[in-house]
Amino acid sequence: MPLLRELCERRPMDEPAHAKLMRVLAETGRGNEAVALYAQLRSRLADGLGTDPSEELSAVHVAILRGELGGVPAEGGDDDASATAAAPWSIGLRAEPNALIGRDADLAAVHALVDSSRVVTILGPGGTGKTRLANRVGATHAEHGRVALVELVGVRSGEDVAAAVAGTLGLGDAERLMMEPVTRRRSRAAADPRDRLKQSLASTPTLLILDNCEQVVGACADLVADLTASCPHLTVLTTSRIPLMISAEWTYPLAPLPVAHLALDDGGRGSGGTAEGSPATELFAARARAVRPSVRLDVAAVARLCTALDGLPLAIELAAARVRTMSVEQINARLIDRFTLLNSGDRAAPHRHRTLHAVIDWSWNLLDAREQDAMRRLCYFPGGFGIDTARRVIGGMDGGVATVGGRDAAADSSVDRAVDDAITGLVEQSMLEVAEVDEPVGLRYHMLETVREFGLQLLESRPGERDEVEEHFCEWAAEASTRITKQIIRGGTAESMIEIEVEHENLVFVLRAALESGRTAVVLPVFTVLSVFWSIRGSHAEAALWSERVQAHWNALEARAQGSGQERTAWAHDAAIDTDVLYLALLIVIGYQLFLNDRRAIARTRGRIRTLQRTRPPSSAEAAYLVRLATVTRPTRLGRMFARGARSGDPGVRALAHSFRANTHENAGRWAAARRDATAALGLARQRGDRWSEGMAAQMLGQLSGQAGRHREAVDYYRLAAKVLWEVHAYEESIQMRGFIAAALVGAGQPEAGRREALAARGAGEVVGASAPGGRHPDSQYRAAIAAALAEADLAEGDVDGGVRRYWEAVMDGIGVHGTERSAAVDPYMGLLIAAATCAHAAGGHAAAACRLAGLLARGVVPRLTSGVAGSRESVVDLPVTASVLLAMTVAEFVGGDAAGDDAAGGDGGPDTEASARFARELALAERAHARQDYPSMSIGRWLDAARRAAGDVEVEAARRHAAGLVGPALIRELLAALSRDRPALG
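Counting of residues starts from 1 at the beginning of each chain's written sequence and follows it residue by residue. Side-chain atom pairs in this predicted model are given and counted only at pLDDT of 80 or more, local residue features only at pLDDT of at least 70, and totals for whole chains, interfaces and linings cover all residues. Processing note: side-chain calculations cover all non-hydrogen atoms of the structure and skip hydrogens and water entirely.

Per an unreviewed UniProt entry, the protein goes by the name Bacterial transcriptional activator domain-containing protein and belongs to Tomitella cavernea.

Caption draft 1: Geometry of the overall build of the protein. Helix and strand definitions here come from DSSP, where helices need a minimum of 4 consecutive H or I residues and strands a minimum of 2 consecutive E residues; each element is numbered from the N-terminal end. When its secondary structure is counted, the protein shows 46 helices and eight strands. Partly exposed residues are those whose accessible area sits between 20% and 50% of the maximum for their type, while under 20% is buried and over 50% is exposed, using a 1.4 Å probe and protein chains only. Taking all 987 residues of the protein together, the buried fraction comes to 54%. The contact rule is simple, with two residues in contact once any of their heavy atoms fall within 4.5 Å. At a minimum sequence separation of 6, the contacts of the protein that also span at least 24 residues come to 72%. Accessible surface, the protein: about 39,700 Å² in total, of which carbon and sulfur atoms supply 52%. Here the accessible surface of atoms and residues is derived via Shrake-Rupley with a 1.4 Å probe, and residues count as covered only by protein chains that are part of the display.

Caption draft 2: Summary view of the packing of aromatic side chains. Paired rings are identified among Phe, Tyr and Trp, the last through its six-membered ring, by centres lying within 6.5 Å, and are further divided according to the angle between planes into stacked (under 30 degrees), edge-to-face (over 60) and tilted (the rest). In the structure shown here, the tally under the stated rule is 14 aromatic pairs. A centroid spacing of 5.3 Å and a plane angle of 45 degrees characterise the contact between F381 and F385, whose relative ring orientation is tilted. With 4.7 Å between their ring centres and 70 degrees between their planes, F381 and F473 make a pair best called edge-to-face. Placement of the pair is F381 in the loop between α18 (369-378) and α19 (387-394) and F473 in helix α22 (residues 463-489), with a sequence separation of 92 residues. Neither F381 nor F473 differs from the other in exposure class; each is buried. Cation placement over rings: the criterion is NZ of Lys or CZ of Arg within 6 Å of the ring centroid and within 35° of the ring normal. The ring of W546 has R549 lying over it, and the distance from NZ or CZ to the ring centre is 4.4 Å.

Caption draft 3: Molecular detail of a positive patch on the surface. Patch definition: residues with relative accessible area over 30% and no salt bridge; like charges joined within 9 Å; nonpolar side chains (Val, Leu, Ile, Met, Phe, Trp, Tyr) joined within 5 Å. Here a salt bridge means any side-chain nitrogen of Lys or Arg lying within 4 Å of a carboxyl oxygen belonging to Asp or Glu. Charged residues are defined here as Lys and Arg on the positive side and Asp and Glu on the negative side; His and the ends of the chain fall outside this count. Taken as the charge centre is NZ of Lys, CZ of Arg, CG of Asp or CD of Glu, depending on the residue. The grouping of R628, R634, R637, R640, R644 and R647 at the surface amounts to a positive patch. By the secondary structure assignment, R628 is in helix α28 (residues 621-630). Exposure remark for R628: the relative accessible area of 40% places this residue in the partly exposed category.

Caption draft 4: A look at the environment of A744. Summarising the element assignment, A744 is placed in helix α34 (residues 731-747). Linking A744 and R712, residues 32 residues apart in sequence, is a C-alpha distance of 6.8 Å. Ignoring anything within four residues of it in the chain, the contact list for A744 reads H711, A714 and V715.

Caption draft 5: Quick look at the pattern of salt bridges. In this structure the tally under the stated criterion is 55 salt bridges. Across the pair D421 and R370 runs a salt bridge, and its minimum N-O distance is 4.0 Å. Within this pair, whereas D421 is found in helix α20 (residues 409-428), its partner R370 is found in helix α18, the two being separated by 51 residues in sequence. Among the residues examined, D421 registers a relative accessible area of 40% and is labelled partly exposed. Judged by relative accessible area, R370 falls into the partly exposed class, the value being 27%. Between R568 and E558 there is a salt bridge, with its nearest N and O atoms 2.9 Å apart. Of this pair, R568 sits in the loop between α25 (540-563) and α26 (579-596) while E558 sits in helix α25; the two residues are 10 residues apart in sequence, bridging distant segments of the chain. Residue class for E558 comes out buried when judged on its relative accessible area of 5%. Taken together, the salt bridges that share partners define one network made up of E927, D945, R948, D953, E957 and R960.

Caption draft 6: Spatial organisation of unusual backbone geometry. Here M245, not a glycine, exhibits a phi torsion of approximately 65 degrees, which is positive. Along the chain, the position of M245 falls in the loop between β5 (234-240) and β6 (249-253). Residue M245 is classed as exposed on the basis of its relative accessible area, which comes to 68%. You will see that H930, though not glycine, has its phi angle at about 60 degrees, which is positive. Tracing the backbone through its elements, the reader meets H930 in the loop between α43 (913-928) and α44 (940-951). Looking at H930, the relative accessible area reads 31%, which means it is partly exposed.

Caption draft 7: Quick peek at the side chain of E249. In this structure, E249 sits in strand β6. Of the side chains with opposite charge, K130 lies nearest to the buried E249, which makes no salt bridge, at 13 Å. Two N or O atoms count as a polar contact when they lie within 3.5 Å, although within protein this holds only if one can serve as hydrogen donor and the other as acceptor, and sequence-adjacent residues are included solely when both atoms are side-chain atoms. Here the side chain of E249 touches L244 through a polar contact of 2.9 Å, landing on its backbone nitrogen. Aside from chain neighbours lying at most four places away, what touches E249 is V119, T121, P243 and L244.

Caption draft 8: Examining the pairing of strand β2 (residues 119-123) more closely. Most of β2 sits out of view: five of its five residues are buried. With burial as the criterion, each face of β2 is covered, one bearing V119, T121 and L123 and the other bearing V120 and I122. DSSP calls a pair of strands paired once it identifies at least 2 bridges connecting them. Relative to β5, β2 is paired through five bridges, and the arrangement is parallel. Of the residues in β5, the one forming a bridge with V119 is V236.

Caption draft 9: Representation of the packing of helix α13 (residues 279-291) against helix α15 (residues 313-320). Where α13 contacts α15, the two axes come as close as 8 Å, and the packing angle between them is 35 degrees. Regarding α13 and α15, the two cross each other, and that crossing is right-handed. On α15, the residues that touch A280, L283, F284, R287, A288 and V291 of α13 are P313, I316, E317, A319 and A320. Across the contact of α13 with α15, the residue classes tally to nine nonpolar, no polar and two charged. The angle between two axes is taken between their N-to-C directions and runs from 0 to 180 degrees, where each axis is a line fitted to C-alpha atoms and a helix contributes only its stretch in contact. By definition, any crossing whose near helix is turned counterclockwise from its far helix by less than a right angle is left-handed, and any crossing with a clockwise turn is right-handed. Side-chain classes are defined by residue name, with Ala, Val, Leu, Ile, Met, Phe, Trp, Tyr, Cys and Pro counting as nonpolar, Asp, Glu, Lys and Arg as charged, and the others, Gly among them, as polar.

See the structure below:
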């Protein structure tokens, strides 16, 4: 090892030498060092050569992460270690647009602090590169650990800090929305996000990066202190202009880039050398040549310029953009003039801050009046904008761009040209960045955050103009949201998702501001379109949280109206709100109330819907049908509503009826009826050109085929669903679907094809995680789906130990993401995964591990299923999922209990008669309720054979006949009674 270390130090980019050292480190139990070594080499290769590690070196890295080098504990190993040693993931990290120059020493220092301290703050003024440095630290750490970067630049209220962190991490869906009925009514969507963060971050080592804390530094300090006190495995890295001032904090002041001191001749010229003589000049040279490759860079002139700019990276990059039309000498002369003027101003401001301000102010003064007006107003967009949005918000305002009121077509065209010219000028002056986005969006424009702050200061100094900009911004958001909502109602969901995605940050900004200012005509359409987006993307916690806020807004609105002597439901007459938008907002609110079983809130919302029906009936057939469904108070009447909808003359209504009825049949275990309706829904979606509904119907058919063990059919349906999900940028969901495809291929007798599909899906997941701007929640579900498929491929090829090890790791990974065993188990997919893992361990002879896994279901899922599920008319029992839980628990008990002896594995031991008969009865019950068989390990046929060996054919067939006669409430009662039975073997 010493020789290999010395060789790697002499040859810092020698990949074969590093691969050998990584292998030795891993085999001697120092896998973490091996992974860190890989991360360092990868960074050097990217910075020095612009390349990635070779396939051979990457293969060694992957083998270490999988535990294939260095060994893995059998049967999941030590429980505590398994709970904390989970697979790497990252969220929020941005792909770097170019090489990070001059920060190697800073990176090493911050890495050392992060390794040795609980809280580290990268401290410095705007423009020093704090965010870029933190992003690189996170990217390196993500090679072997868990990282989440939360951008707080758009958070202005300290009350929103914890919610912003929880929202970025995607926490709370399972634990908060799927509690026992009494508990969830108390907490609903307003539960403290800090509690959810503590639960999730307590057991798994995680690096949490909070970027741009300065505007909410007090709230950040409180949150970080609270989390680090409660989560022993959590490390926090923050970037801020001011320290948090908490006891655990270590600060790292980020200095500007150094500028080489050159020997000058008597004329002030450099004595030779290149412009890349120091980090600051190297940065300027790199950015300048990117703008104009033929630019002449005099080393002394570049050094003087970088010295004048105090080595601030952002100031250097802004100045480098000027070489498009100016020489370095001209830039120097212009900047000196600006410094002289600005340095005579506010002496209280830090010198470096004045330097950056000077550079931006200089760029500002190069703009003409029309471009200045446009920039001042466009800085109001936190999430960028498209050209049409810019025309809408700034094209109808007084000032240098356009005038208000009464324009004819020629005037409109002139205004549009003026806005287009102003934006073109801002791009040419490097005040705006341009990005290409998928159709139907096209080009998007963004401002650097520091430039945007400069513009906001100017806008705030003009209160009248600021109010006018806000008014136009809100009008745009309401109009865009209404248009998109009506497009969704007409079946254009797929196209709408892309548009909402790119405007998401803007729309959330408007929604928050409109709620604070009480603009109901803005709140309802924006809430509606965002809630549809969040629901489709699986962010139900976000939608539920805002649903609570909108409900509170509605309550306050009615109370104010009543208190002032007005009609309490005056909102129903507001012509500024589209009728169908009003109905859809109410339907979304009541949907989450039904999910939470909040009966008082349900009654109030139904009352609002009926009030609206009396004054403004729905304008579309689809909305009218949804309203009728939402106001049904007895589930028994839903069947008639579905039947009427399926016979409707409107194809949209028929599609809704078949989709809802398919889900209802599937939940009730009526497999054939669910399949008929899902097939009808698929055909109608294709006729209407509704791509999203086509994908969802295909997913339902794939799920129905998989749960019945018809794996060949499932593959084609899942492929269509995965394609649609990818088209609407629901990448994690699409990759999860590919995991289902892989498992179905294994179930269809093609384990090698299933393995190829799973590995390809995993590769796609790594690409998505690295390239998605802002990232998404590193959802355990898509990674778990891939791991489960690979586990099934191992089992099918005879590698039992490898298969059960993968299953165990997938479950532990899910627990790590969710924070607790209970919150993981109540996630519907995680429940299914744990059930499959339980059956796989049981079949593979790992009885103790099977009982531990089934114990997770007993502690997490069963209390939820048995605590008053049948006590409410609004509640729905998902029979196949419930039956899957019962299948796993009875199988684990059978192979793990003393009474099972060796018979479950085909031995000669004599089973206990009562235990064997009970096993047969519970298997028959699971079969009758159509327990899911998505994964081959869950095949009921295998376990019925085991029951026949233990109890005999007569006992098994009698149990199946009894179960076949159970329907409706009787079936539910027996299922819940079986689940509630005490099972000592499960712990």
